[in-house]
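# Close look at the chain arrangement
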Amino acid sequence: MAIDLCNKSPASLAERDPGSWGDAVGGPALLDDLGAEQRDALNFAYRTTLSNVDPRFVAGDPAAWASDFGYALDRVAIRLDNRTNDELRDQALNHPDPAMREQALYEYADRDHDDAIELLVQAARDDRNREVRWDALWAIEKLGGPRAVAALRGFRADADPEIAEWAGLFDSELQTGDPAFDGRSGRFTPGRTFDETIYLLIHCDLYVRLDDTNTHWGKISLAPQGLARIYGQAHACPNVTTRERQLVIAKTISGLHRDGSPHCDNYLFRGFTDRTRRDRGNFFFESLVPRTFFKSGRADDPSAGTRQANIGFARYGTWHLDPKFQVHDEAAIRYVRGRFQGWGYVNLSRIAGRSLEEVLTPGNGVLSTLHDPEVGPMTNAFILGTFKGKLNDWDGDGVIDLNSRDVYSTVNGEIDSDQDGVADQQGLTCCDHTTRFV
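Residues numbered from 1 in each chain as written. Predicted model: local features only at pLDDT ≥ 70, side-chain atom pairs only at ≥ 80, totals over all residues. Heavy atoms only, no water.

## Focus on the overall build of the chain
What the chain contains, in helices and strands, is 16 helices and 13 strands. Out of the 438 residues belonging to the chain, those deemed buried represent 55%. Considering only intrachain contacts with a sequence separation of at least 6, the fraction spanning at least 24 residues in the chain is 67%. Total accessible area on the chain stands at roughly 19200 Å², and carbon and sulfur atoms take up 51% of it. (Helix = DSSP H or I, 4+ residues; strand = E, 2+ residues; numbered from the N terminus. Buried < 20%, exposed > 50% of the residue type's maximum accessible area, 1.4 Å probe, protein only. Contact = heavy atoms within 4.5 Å. Areas by Shrake-Rupley, 256 points an atom, 1.4 Å probe, with all protein chains shown as cover.)

Right under this line is the structure:
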């Protein structure tokens, strides 16, 4: 969340020159050029951004506009990443692990330094890992402003079509509030469990309560690849007939099981979707799933004991349809964006004094709940973040793949290791130390 607040407050805008839109782009999108719905969306986004920055600059009841827990915590939390700025700049470009390069980039951007966009541009241009490149572009969008638009425009003709489309999408969002897509065709694969398997980029801040007085808080800002390493790479898996009321988020963690099999962790979400516009859906979904809670703070590690609990999570946002991509005579979801929040447990003794490389390891953090007599008192982390996902061309043939990604879930979130649509074990939505993916 915090990186999204950088450069957004009236005070910060007064202290530094944000730059001219005219100097940043040849022809910025003007309000007069936008449709009525685009103007409404952009004005609403601007007002809500201000409300998350400083309630003094918002008219109306602060109970409605300024009750953001994440914003309150971000103002008081200390950074648990104590690397110097010089170390971050060096590791962002030179660390051998792409997830660690990306983590350094996001931490540096979160600190809101004047040269953050320049560092992100360098990484997006030169990094050899395409996910680092498009995640760096996302961080540029998060910083926002004319300099971000100018930077993103430099990638709209990139040789990698995915980098080019992400850059154009982020550029369009900053100027109009809506995404823009390229003209590639799409391919739907019949016979698979889900109509779409959308690879998600997820960025979040973990605000960790450091003692029982509620006066000391720590903060870890997780870039997309670092978050995926700990909690699992997520795919949004909608089906046309049910997507307005039900969705599966299928996650896999690599490197957790000793036998090399993926750790499967599926979440069935249900909720409401607003379809008053034909080209999109605004949604608020919640999940409540049974999980083995590992008191060690590490998934699949029962050394400190376990507890069966129900874990809740919320996600809300907007998905955008593309009528060029048809699934069962309906337009497919081309892009999704939004926010999420939940609770977690971070074993502070496990991370104290350790390097970030030792902290960002598979399963080294578990989701939690406040509603269990044993798990509730152990819950010490508030998780708040944003997500984005679009359809990509994964095999490089120039055609966008709608549902080619391997996800090990039934339509109800049960583990399905052979992807035949039938659960391996009825009711089992997550494997742990007593089960194995086969």
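## Examining the packing of helix 10 (residues 130-143) against helix 12 (residues 161-176)
Where helix 10 contacts helix 12, the two axes come as close as 10 Å, and the packing angle between them is 10 degrees. One element, helix 10, and the other, helix 12, form an angle in the roughly parallel class. The segment helix 10 lies against helix 12, with Arg130, Arg133, Trp134, Leu137, Trp138 and Glu141 engaging Glu162, Ile163, Trp166, Ala167, Phe170, Glu173 and Leu174. (Axes fitted to C-alpha atoms, helices over the stretch in contact; angles between N-to-C directions. Parallel < 35°, antiparallel > 145°, perpendicular 65-115°, else oblique.)

## Overview of helix 6 (residues 69-76)
Gly70, Tyr71, Leu73 and Asp74 are the residues of helix 6 that are buried. Taken end-on, helix 6 shows its buried residues confined to a sector of 165 degrees, consistent with a single buried face. Away from the buried face of helix 6 by more than 90 degrees, exposed residues Arg75 and Val76 are located. (Arc of directions from axis to C-beta.)

## Here's the deal with the pattern of salt bridges
Per the counting criterion, the structure on display carries 43 salt bridges. For the salt bridge of Arg156 with Asp171, the shortest nitrogen-to-oxygen distance reads 2.7 Å. Here Arg156 is found in the loop between helix 11 (146-153) and helix 12, whereas its partner Asp171 is found in helix 12, with 15 residues between them in sequence. Overall, the relative accessible area of 1% leaves Asp171 in the buried class. (Salt bridge = Lys/Arg side-chain N within 4 Å of Asp/Glu carboxyl O.)

## As for the layout of surface pockets
Considering only enclosed or pocket space, the second largest pocket measures out at about 380 Å³ in volume. Taken together, 20 residues line the second largest pocket, and the ones lying closest to its centre are Leu80, Asp81, Ile351, Arg354 and Val359. Among the elements of the structure, helix 8 (98-110), strand 4 (217-222), helix 14 (348-351) and helix 15 (356-359) are those that each provide at least two residues to the lining of the second largest pocket. (1 Å grid on protein atoms, 1.4 Å probe; cavity = no way out; pocket = protein on both sides within 12 Å on 5 of 7 lines; lining within 4 Å. Points joined across faces, edges and corners; volume = space filled by probe spheres on them.)

## So, the pairing of strand 12 (residues 381-390)
Burial within strand 12 is extensive, with 10 of its 10 residues counted as buried. Covered by surrounding structure in strand 12 are Ala381, Ile383, Gly385, Phe387 and Gly389 together with Phe382, Leu384, Thr386, Lys388 and Lys390, the residues of both alternating faces. Note that strand 3 (residues 198-209) and strand 12 share 9 bridges and pair antiparallel. Pairing of Tyr207 across the sheet is with Phe382, part of strand 12. The pairing of strand 10 (residues 330-345) with strand 12 spans 10 bridges and is classified as antiparallel. Within strand 12, the position partnered with Gly344 by the bridge is Ala381. (Pairing = 2+ DSSP bridges.)

## Re empty space enclosed by the protein
According to the stated counting rule, one finds 6 cavities of 30 Å³ or more in the structure shown. In this structure, the largest cavity occupies an estimated 290 Å³ of space. Forming the boundary of the largest cavity are 18 residues, of which Ile202, Ile249, Lys251, Phe313 and Phe340 lie nearest the centre. Only strand 3, helix 13 (224-231), strand 6 (246-253), strand 7 (263-274), strand 9 (306-327) and strand 12 provide two or more residues apiece to the lining of the largest cavity. Of the residues that constitute the lining of the largest cavity, the class distribution is 15 nonpolar, 1 polar and 2 charged. (Nonpolar A, V, L, I, M, F, W, Y, C, P; charged D, E, K, R; others polar.)

## A closer look at the packing of aromatic side chains
By the definition in use, this model includes 12 aromatic pairs. Note on Trp134 and Trp166: the rings are 6.5 Å apart at their centroids and 45 degrees apart in plane angle, and the pair reads as tilted. One end of the pair, Trp134, is in helix 10; the other, Trp166, is in helix 12, and 32 residues separate them in sequence. Note on Trp134: relative accessible area 1%, which makes it buried. Relative to Phe382, the ring of Trp343 lies with its centre 5.4 Å away and its plane at 55 degrees, an arrangement referred to as tilted. Separated by 39 residues along the polypeptide, Trp343 in strand 10 and Phe382 in strand 12 bring together distant segments of the chain. An aromatic cluster of at least three residues, connected via ring pairs, comprises Trp134, Trp166, Phe170, Tyr199 and Trp394. If you follow Arg75 out to its NZ or CZ, it ends over the ring of Tyr71, 4.4 Å from the centre. The ring of Tyr267 has Arg291 sitting right over it, with the charged end atom 4.5 Å from the ring centre. (Phe/Tyr/Trp six-rings, centres within 6.5 Å; stacked < 30°, edge-to-face > 60°. Lys NZ or Arg CZ within 6 Å of the ring centre and 35° of its normal.)

## What to know about the side chain of Asp81
Tracing the backbone shows Asp81 in the loop between strand 1 (78-79) and helix 7 (85-94). When its relative accessible area of 10% is taken as the criterion, Asp81 is described as buried. Reaching out from Asp81, the side chain makes a polar contact with the side chain of Arg83 at a distance of 2.7 Å. Other than its neighbours up to four places away in sequence, Asp81 contacts Leu88, Glu107, Arg111, Lys219 and Leu356. (Polar contact = N/O pair within 3.5 Å; in protein donor to acceptor, adjacent residues only side chain to side chain.)

## Structural notes on the environment of Phe294
Tracing the chain through its elements places Phe294 in strand 8 (residues 280-294). The exposure class assigned to Phe294 is buried, which follows from its relative accessible area of 4%. The spatial distance from the C-alpha of Phe294 to the C-alpha of Arg307 is 6.8 Å, given a sequence separation of 13 residues.

## Examining the pairing of strand 5 (residues 233-237)
Within strand 5, 5 of the 5 residues are buried, leaving the element largely enclosed by the surrounding structure. Burial along strand 5 is two-sided: the face carrying Gln233, His235 and Cys237 and the face carrying Ala234 and Ala236 are both buried. Inspection of the sheet shows strand 3 paired to strand 5 by 2 bridges, in the antiparallel sense. Residue Ile198 lies in a different strand from strand 5, and its bridge partner there is Ala236. When strand 5 meets strand 6, the two strands line up antiparallel, connected through 5 bridges. Paired with His235 across the bridge in strand 6 is Ala250.

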